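Single-letter residue listing:
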Amino acid sequence: MARAAVVGAGMTKFGVHDKPLQELFGEAALPALDDAGVEPSEIDAFYFGNAMSGQAENDTHLGPKLASHVGMAGVPVQRFEDACATSSNAFKNAVEAVDAGVHDVVLVGGVERCTPETGKDTAAMTRIFASASHRQYEQPTGLTFPGVFALFTKRHMHEYGTTEEQLAEVAVKNHGNGALNPNAHFGKETTVEEALDGPIVADPFRLMDCCPFSDGASAVVVVSEELADSYDAPVDVSGVGHATDVVPIGDKETPHVTQAARDAAAQAYEQADTSAAEMDFAEVHDCFTGAEILASEALGLVEDGEGGPAAEAGRTARDGDVPINPSGGLKAKGHPIGATGTAQLVELTEQLRGTAGERQIDGADSAVAHNLGGDAATTVVTVMEARR
Amino acid sequence: MSDRLTHGEWSDAVESGDLLGQTCSDCGKTQGTPKAACPHCGSRALETVELPTDGVVYTETTINVPPVGIEERGYQVAVVDLGEARVMGRLSDGEVEIGDPVELSGFTEDDDGYVAPAFEPR
Ligand SMILES: [Zn+2]
């Protein structure tokens, strides 16, 4: 049985948006409300995610500011911050609230502006992103976020022989998918040669292994399972898992296995009474190409050590046996931190409704989203299924 | 427990060429950084231990796009196996790969005065 249903979804194009946060959020929230066919007065609560606007824009206590802008002043609003897993944590709490009967109809979403064009330059944003690593035991080494995932990926390469070419294949695939997504930050295909020719950011990652700094917003309307049938095209939320791992990296038992993702996935599959084998596609947190490979293994979509070969063999392409990131993923769709988690759920909703256009996965009935935050310290995994 | 390892004590040790960690008396695991309780079993029975100052590189990366506050490019960060524990540090000299032996060579300090161990090839 489902725990909740998504009955409306909206997102902005990810990219550069030179407008205030509330206006940007409105461009995702109002379409989500319209898609659900609900008025702001029918919303019982607003679960909201933003990670870094305090540091990046001197803009905090955003909940009531955004609620006022979209006609929902007065509703209870709670704001979540969990690094890049920010809005999926907001979503988890919204699902729990409708599941428990606390609320019936909830707006969930996130907004963030991270591009150098609208905010800080690359060096300053690199430091703000790195604030999600341990202040005392990681940051003083000069660690950056590409560095965090480079440390995991280098060990994975050492253990399993994963290659830089296989990493590049992930970038090529996701750029190809992003080219079919009108909301993607990057709409251009790339090649393995081009990816392997880019400047090194943190080895083994070159520029094309890294997601961009993006601006954007996303939102979904979540309703209780009992109410779902009174809306058009509900999509069931059948499992949401959430786990954390030890911080800092040095104290994790086996950093590259991303244990939090394994724990969260096990919870989500168990709640949904399903398994990785039943998933028709996955949206995973590919902030770096290596992160997608680790996620594909942690979610059980491929065997441990097979993430690289699976990408190389085309198994994770849209027409492969385990399609990953048909949206283009963070790599091509973009990564406005607080908007990323719910944007994955927007993609799941569209695909499971069969309305994803050119990038539609044929006959998609079940899908999983994986949203990771910090030095792989938080992961939220969501299983959604088409309502039949 | 008044003798529980603090960040201040850990940092002082790094500055004087020592590495301190904590061993859990209940589950036996050792961490390379201070906690109030064992991250693996929750026990507060943590004993401060001196970690070896030489070890083996567990994983590493070379950072070419630094955050604001760091002018240098191409510095190497490594997670080093030190007996039962692991610690993250900066390479002060030379380049290393996974499996290479390294030893503590000093420390680096950031704008706020937080220190990190520095290692060099052994
Ligand atoms: Zn213990």
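In this text, all values refer to a predicted model and were calculated from it rather than measured experimentally. (Residues numbered from 1 in each chain as written. Chains lettered and ligands numbered in written order. Predicted model: local features only at pLDDT ≥ 70, side-chain atom pairs only at ≥ 80, totals over all residues. Heavy atoms only, no water.)

Novice: Which residues make up the coordination of the zinc ion, and what values go with them?
Specialist: All names here are of chain B. Note on the zinc ion: its protein donors are Cys24 (SG), Cys27 (SG), Cys38 (SG) and Cys41 (SG). The metal-donor distances range over 2.3 Å. Its four donor atoms give the zinc ion angles of 100 to 119° at the centre, a pattern that matches the tetrahedral case. Of note, the donors binding the zinc ion are all from one chain and are spaced C-x2-C-x10-C-x2-C. Given a relative accessible area of 2%, Cys24 falls into the buried group. (Donors = N, O, S within 2.8 Å, 3.2 Å for Na, K, Ca; no water. Tetrahedral: all angles 85-135°; square planar, octahedral: opposite > 155°, others 65-115°. Buried < 20%, exposed > 50% of the residue type's maximum accessible area, 1.4 Å probe, protein only.)

Novice: Requested: an account of the interface of chain A and chain B, with residues and values cited.
Specialist: Of the residues lining the interface, 35 residues belong to chain A; the matching set on chain B comes to 36 residues. Across the interface of chain A and chain B, roughly 3,100 Å² is buried in total on both sides, 59% from carbon and sulfur atoms. At the junction of chain A with chain B, the criterion picks out five salt bridges. Taken together, the elements giving at least two residues each to the side of chain A that touches chain B come down to helix 5 (122-130), helix 6 (145-160) and strand 5 (200-202) of chain A. Of the residues forming the side of chain A that touches chain B, the biggest block, six residues, is contributed by helix 6 of chain A. (Contact = heavy atoms within 4.5 Å. Buried area = accessible area lost by both parts, 1.4 Å probe. Salt bridge = Lys/Arg side-chain N within 4 Å of Asp/Glu carboxyl O. Helix = DSSP H or I, 4+ residues; strand = E, 2+ residues; numbered from the N terminus.)

Novice: Give a detailed account of the pairing of strand 10 (residues 366-373) of chain A, specifying residues and quantitative values.
Specialist: Residue and element names in this part refer to chain A. Among the eight residues of strand 10, eight are classified as buried, and the element is accordingly described as predominantly covered. In strand 10, alternate side chains face the same way, and those of Ser366, Val368, His370 and Leu372 on one face and Ala367, Ala369, Asn371 and Gly373 on the other are all buried. One ladder, built from three bridges, connects strand 9 (residues 281-283) with strand 10; its direction is parallel. If you follow Glu283 over to strand 10, its bridge partner there is Ala369. Note: strand 10 against strand 11 (residues 378-386), eight bridges, orientation antiparallel. From the neighbouring strand, Leu372 faces strand 11, where its bridge partner is Thr379. Between strand 10 and strand 11, which pair antiparallel in sequence order, lie four residues; one of them, Gly374, sits at a positive phi of approximately 70°. (Pairing = 2+ DSSP bridges.)

Novice: Can you tell me about empty space enclosed by the protein, naming the residues and giving the values?
Specialist: Under the criterion given, the structure shown has four cavities of 30 Å³ or more. Roughly 70 Å³ of internal volume is contained in the largest cavity. Elements supplying a minimum of two residues to the lining of the largest cavity: strand 6 (85-91) and strand 8 (115-121) of chain B. Split into classes, the residues belonging to the lining of the largest cavity amount to eight nonpolar, four polar and one charged. As for the second largest cavity, its lining consists of Phe149, Thr258, His285, Ala291, Leu294, Ala295, His370 and Leu372 of chain A. Breaking the lining of the second largest cavity down by element, the ones donating at least two residues are helix 10 (289-298) and strand 10 of chain A. Among the elements that take part in the lining of the second largest cavity, helix 10 of chain A stands out by supplying three residues, more than any other. The residue makeup of the lining of the second largest cavity, split by class, is five nonpolar, three polar and no charged. (1 Å grid on protein atoms, 1.4 Å probe; cavity = no way out; pocket = protein on both sides within 12 Å on 5 of 7 lines; lining within 4 Å. Points joined across faces, edges and corners; volume = space filled by probe spheres on them. Nonpolar A, V, L, I, M, F, W, Y, C, P; charged D, E, K, R; others polar.)

Novice: With reference to specific residues and values, describe the environment of Ile200 of chain A.
Specialist: Turning to its location among the elements, Ile200 of chain A is positioned in strand 5. Along the chain, Ile200 of chain A and Ser218 of chain A lie 18 residues apart, while their C-alpha atoms are 31 Å from each other. Here Ile200 of chain A is in contact with Phe205 and Arg206 of chain A together with Asn64 of chain B, once residues within four sequence places are set aside.

Novice: Got a sec to walk through the packing of aromatic side chains? Specific residues and values, please.
Specialist: Residues and elements named next belong to chain A. Across all of its chains, the model carries 10 aromatic pairs over all chains by this definition. A centroid spacing of 6.1 Å and a plane angle of 45° characterise the contact between Phe145 and Phe149, whose relative ring orientation is tilted. Of this pair, Phe145 and Phe149 both sit in helix 6, four residues apart, which is roughly one turn of that helix. A relative accessible area of 6% means that Phe145 is categorised as buried. The class of Phe149 is buried, set by a relative accessible area of 1%. Between the aromatic rings of Phe149 and Phe152, the centroid separation amounts to 5.5 Å while the plane-to-plane angle is 90°, which identifies the pairing as edge-to-face. With Phe149 and Phe152 both in helix 6, this residue pair falls three residues apart, about one helical turn. (Phe/Tyr/Trp six-rings, centres within 6.5 Å; stacked < 30°, edge-to-face > 60°.)

Novice: Give me the lowdown on the confidence of the model for chain B, citing residues and values where you can.
Specialist: Confidence in the prediction for chain B averages 96 pLDDT; 98% of positions are at 70 or higher. Confidence estimates for the predicted assembly give a pTM of 0.98 and an ipTM of 0.97. (pLDDT = per-residue confidence, 0-100.)

Novice: Kindly report on helix 7 (residues 164-178) of chain A, identifying the contributing residues and their values.
Specialist: Residues and elements named next belong to chain A. With 15 residues, helix 7 should cover 21 Å at 1.5 Å per step; its first-to-last C-alpha distance of 21 Å lies within 8% of that length. The element helix 7 is extensively covered by neighbouring structure, given that 11 of its 15 residues are classed as buried. Buried residues of helix 7: Gln166, Leu167, Ala168, Val170, Ala171, Lys173, Asn174, His175, Gly176, Asn177 and Gly178, and no others. On its buried face, helix 7 is in contact with helix 6, helix 8 (192-196), strand 6 (205-206), helix 10, helix 11 (307-312) and helix 12 (329-333). (Expected span 1.5 Å × (residues − 1).)

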